[in-house]
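One letter stands for each residue in the lines below.
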Amino acid sequence: QVQLVESGGGLVQAGGSLRLSCAASGRTAVSYVMGWFRQAPGKEREFVARITWRGGSTYYGDSVKGRFTISRDNAKNTVTLQMNSLTAEDTAVYYCASAPFRPGAVYRVYEYDAWGQGTQVTVSS
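Residues numbered from 1 in each chain as written. Predicted model: local features only at pLDDT ≥ 70, side-chain atom pairs only at ≥ 80, totals over all residues. Heavy atoms only, no water.

A. A look at the layout of surface pockets. Here the largest pocket defines a volume of roughly 170 Å³. Together, T28, A29, V30, S31, Y32, W53, R54, N74, N77 and F101 line the largest pocket. (1 Å grid on protein atoms, 1.4 Å probe; cavity = no way out; pocket = protein on both sides within 12 Å on 5 of 7 lines; lining within 4 Å. Points joined across faces, edges and corners; volume = space filled by probe spheres on them.)

B. Structural detail: unusual backbone geometry. Backbone geometry at N77 places phi at a positive 55°, although glycine is not the residue there. Here N77 shows up in the loop between β7 (68-73) and β8 (78-83). Non-glycine residue S85 carries a positive phi angle of around 50°. S85 gets classed as partly exposed once you look at its relative accessible area, which sits at 42%. (Helix = DSSP H or I, 4+ residues; strand = E, 2+ residues; numbered from the N terminus. Buried < 20%, exposed > 50% of the residue type's maximum accessible area, 1.4 Å probe, protein only.)

C. View of the pattern of salt bridges. This structure, assessed with the given rule, holds 5 salt bridges. Between D90 and R38 there is a salt bridge, with the nearest N and O atoms lying 2.8 Å from each other. With D90 in the loop between β8 and β9 (92-99) and R38 in strand β4 (residues 33-39), this pair connects stretches of sequence that are 52 residues apart. For the pair formed by D90 and R38, the shared burial category is buried. Residue R108 pairs with E111 through a salt bridge whose shortest N-O separation is 3.8 Å. (Salt bridge = Lys/Arg side-chain N within 4 Å of Asp/Glu carboxyl O.)

Below, the structure is given as C-alpha cells:
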C-alpha cells in the first residue's frame, strides 16, 4: 500500500498563491499516477490535476487550468501543486491520491486506491 501525507494548506487572500506538497511512501513502485482532488462542504470530491511518475504527463480539471501547476520529484517521491490566482471558489479540503497503471486520463475518484488525509485550503475574498 502507498501512504500519502499532504502539507502546505492554509489561509490565503483572493488573488494569492499557495503551494501544496504530497509525500509518498510505502509501496511507491505500484503508483503510476498521482492526483490532487478537492472537496468543498456539501459538494462531491472534484478532480484538480494529475501527473504520471514516468514522463510527467499532466492533466487538469477545467476549473484550474492556467492557474494551477502540478509537478513531481521522483527522487523524493513528492508531488507538488502550485496554486495561483486563488479565488473563494478554490476553498476546499485538498487530497492527494495515488493510482496504479490504468489506460486513459485517470481523473475519476474511483480510479485512485490510496488517499492522503487532506489539507484545508481557505481563500478569503
